[in-house]
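Report on the structure
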Amino acid sequence: MCASVMNVIDLVAAYQTSERNIVVVDRLNLSLPKTGIIGIAGESGCGKTTLIKVLYGLIEPPLKVLSGDVLIRPDNENALSLLKMSEKEINRLRWRFFSYIPQASMSVLNPVMRIEDQFFDQMVGEKVGKSELRKQLSEYLNRMGLPHEVLRSYPHQLSGGMRQRVIIIMALLFQPRIIFADEPTTALDVVVQRGILEMMRDAQRSLKNLLVVVTHDMGMHYQISDFMVMMYSGKIVETGNAEEIFKDPLHPYTKMLISSLPRIGDKLKREGIKGSPPSFYNLPQGCRFHPRCPYAVPICRKEEPPVVNINNRSVSCHIIG
Amino acid sequence: METETPQSLLLKAENLTKVFRIGGIVLGTRLTAVDNVSFYLEHGKSKIMSIVGESGCGKTTLAKMMLRILEPTGGKILLEGRDIFKLKKKQEKWFKQTIQPIFQNPLEAFNPLIRVDDYLFNTATNLCDASNKEEAIKIVDESLSSVGLDLERVIGKFPREFSGGELQRMSVARALIPKPKIIIADEPVSNVDASIRMNIVNLFLDLKSKYNISFIYITHDLSTAYYISDLIAIMYRGSIVEYGSAEIVMTDPLHPYTETLLQAVPRIGEKWDGKIKLSGIEVKEFEATGCKFSFRCPYVKDSCRQKRPPLTALKDGREVACFRY
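Description of the structure in this document. (Residues numbered from 1 in each chain as written. Chains lettered and ligands numbered in written order. Predicted model: local features only at pLDDT ≥ 70, side-chain atom pairs only at ≥ 80, totals over all residues. Heavy atoms only, no water.)

Any two side chains of opposite charge can pair, on the condition that their charged atoms come close. Residue and element names in this part refer to chain B. Throughout the structure, instances matching the rule amount to 36 salt bridges over all chains. The partner of Glu 14 in a salt bridge is Lys 12, and the shortest N-O contact between them spans 3.1 Å. Residue class for Lys 12 comes out buried when judged on its relative accessible area of 11%. Lys 59 is the salt-bridge partner of Glu 187, the closest N and O atoms lying 3.9 Å from each other. Of this pair, Glu 187 sits in the loop between strand S7 (182–186) and helix H8 (194–211) while Lys 59 sits in helix H1 (residues 59–66), placing them 128 residues apart in sequence. Judged by relative accessible area, Lys 59 falls into the buried class, the value being 7%. (Salt bridge = Lys/Arg side-chain N within 4 Å of Asp/Glu carboxyl O. Buried < 20%, exposed > 50% of the residue type's maximum accessible area, 1.4 Å probe, protein only. Helix = DSSP H or I, 4+ residues; strand = E, 2+ residues; numbered from the N terminus.)

Below is the structure:
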């Protein structure tokens, strides 16, 4: 087992409404290894984006952490708790220790600043000179298929695909230890998507850091993830080596989701999962998947399933446990 | 493609072109979003035809023209032989009874302040001439049950009380009320969760065989397109570059663009092989005089840059716009 770069301990995160707190990440435990590509999968509203926001320290109202902890470099003697750090301290970690690629690229770039200046702006306090940074930038631009004029443009002059590539370059530039990417290519065309994912994978392999990719697209996970975290309704239902999860999914949700996906060249009839994910306002008792699960037994309706570890995998299901 | 007589055709698009003006009249440029596109659907043989392409390929513009939301700059669309842009006032109802839309975001398709059942009843009264409440209830109940819902569950409720999957079923039910011959579905499952997506897609297959409805399925998702389509048209920068049976086109693509597209799909069970090169030439491609794919094509020759390849019919029934064939 390799050392971890970040540990999530019993994390509970909620959105505050006028009436009560809506818990969307519920008692979550996860250990992020120092190197590799971790894929987080789940449907919209399963809490995957909220989890990433907490891990990146983007905890702004109405989002609130109710309990639990996020430890940085937990194996070190001077491990830090992200949740106890001030905004200023977290800012110092951003782009250097960890970076974040959000789905909507426009929200990260300053609309009234040239791309080049935004890069230099991040450089304050950095030892490398402008010329060295320019050299590095031009290498990344070439790899991303972006013309150099991009540096002199304003964000609105670029297409969505180009902006997303600029953000990815920015996220890679200072070689951070963790890169969080939340649906990094969802708005893009498949051909561009493939190019960008391959480039991110190559960068991860050469930097030997950790890339956390959040997407609902299981095909993307199959292509790039080493390790998978399956989420359903605010909980982790299954984790494991990506290859094993695709070959032999254990949790009924993972199993049914993977077998529902149509494949080109295979006309086999595919069935979706009946029903829909529960609302956080009205969660079912017991296992949250039980109303849609064909294998549900009485205990599933009463008690939450425990997390069971089998070799390098974990699964949260009464039938498997 | 042009051998059929117009009467035997359910829907025919003939040399459809749509040009948008970008910017001012003096300094603006023109962008050909749909460029000389032709296809048809036959009467009596319900088919699912997919129009597939990336964002900006003109697929949604094409859908909007088929629904009379946008008027074409050139060419025409014939529905059962009638030009849909030259309809008389009386024929507009017939148009809505024959062709119905399903849109991408079900939450936007329903007005949040109007009860869902009101929508359905209004459609029944306006398009099916239901003269009394009982008749309307019968029609609505029937269409709801064909999508796996029932009136009891829907009555008196507002759109926000349903999940995305249920709402999308409801918009299918609404489209079914006038018993249309064609449904145009523009990205109907891209806003629906993966676990529910197949239920909607299977519903289309079901409706096709049960009610003889033809579908035009507009999507960027090649896997579901392969799963449900009989026919497929691959669009690139406003033009159809390959057209034919979905099975043939998607398992043995000929046009270099179709090939590139299929290679980029993140498939399960088959890892990507080699690397793809990214480029930033999007705008140039729309204005190209020759083949629009020539900037990226691995097989490009000088002649490709000068002249645009026409769609050419091949022995296996498909059509390809590439000088190599």
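This part is about the environment of Ala 63 of chain B. Residue and element names in this part refer to chain B. Within the secondary structure, Ala 63 sits in helix H1. Under the relative-accessibility criterion, Ala 63 is labelled buried at 2%. A sequence separation of 155 residues divides Ala 63 from Ile 218, and the C-alpha atoms of the two residues are 7.7 Å apart. Not counting the four nearest positions on each side in its chain, Ala 63 is found in contact with Ile 184, Asp 186 and Ile 218. (Contact = heavy atoms within 4.5 Å.)

The subject of this paragraph is the interface of chain A and chain B. Listed by partner, the interface residues are 47 residues for chain A and 41 residues for chain B. Carbon and sulfur atoms make up 57% of the surface buried where chain A meets chain B, a total of about 4000 Å² over both sides. Together, Arg 194, Gln 223 and Ile 264 of chain A form the three largest contributors to the area buried by chain A at its contact with chain B, with a combined 21%. At the junction of chain A with chain B, the criterion picks out one salt bridge. In this structure, Asp 202 of chain A and Lys 275 of chain B form a salt bridge, with 3.3 Å as the shortest nitrogen-oxygen distance. In this structure, the connection of chain A to chain B is made through 20 residue pairs in polar contact (both at pLDDT 80 or more). When contributions to the side of chain A that touches chain B are tallied by element, the ones reaching two or more residues are helix H5 (160–173), helix H6 (190–207), helix H7 (218–224) and helix H9 (252–260) of chain A. Looking at the side of chain A that touches chain B, its residues break down into 19 nonpolar, 13 polar and 15 charged. (Buried area = accessible area lost by both parts, 1.4 Å probe. Polar contact = N/O pair within 3.5 Å; in protein donor to acceptor, adjacent residues only side chain to side chain. Nonpolar A, V, L, I, M, F, W, Y, C, P; charged D, E, K, R; others polar.)

This next bit is on the nonpolar core. Formed by 61 residues in total, the largest nonpolar core has its most connected members in Leu 144, Met 170 and Phe 204 of chain B. Once residues within four sequence positions are removed from consideration, Phe 204 of chain B is found in contact with Ile 48, Ile 102, Val 172, Ala 185, Pro 188, Phe 215, Tyr 217 and Ile 228 of chain B. Residues Ile 115, Leu 137, Leu 158 and Leu 173 of chain A belong to the second largest nonpolar core, which totals 43 residues. (Core = buried A, V, L, I, M, F, W, Y, C linked by side-chain atoms within 4.5 Å.)

What follows deals with helix H5 (residues 133–145) of chain B. Residue and element names in this part refer to chain B. With 13 residues, H5 should cover 18 Å at 1.5 Å per step; its first-to-last C-alpha distance of 18 Å lies within 8% of that length. If you check which residues of H5 are buried, you get Ala 136, Ile 139, Val 140, Ser 143 and Leu 144. Down the axis of H5, the sector holding all buried residues measures 130°, keeping them to one side. Away from the buried face of H5 by more than 90 degrees, exposed residues Glu 134 and Lys 138 are located. The inward-facing, buried residues of H5 contact helix H4 (116–128), helix H6 (151–154) and helix H7 (164–176). For H5, the N-terminal capping position is held by Asn 132, with its side-chain oxygen 3.3 Å away from the main-chain nitrogen of Glu 134. (Expected span 1.5 Å × (residues − 1). Arc of directions from axis to C-beta.)

This part covers the environment of Ser 195 of chain B. By secondary structure assignment, the location of Ser 195 of chain B is in helix H8. For the pair formed by Ser 195 of chain B and Gly 165 of chain B, sequence separation is 30 residues and the distance between their alpha carbons is 9.7 Å. Leaving out residues up to four positions away in the same chain, Ser 195 of chain B has contacts with Glu 43, Leu 257, Gly 272, Ile 273 and Arg 292 of chain A. Within the structure, the side chain of Ser 195 of chain B is placed 2.6 Å from the side chain of Glu 43 of chain A, a separation counted as a polar contact.

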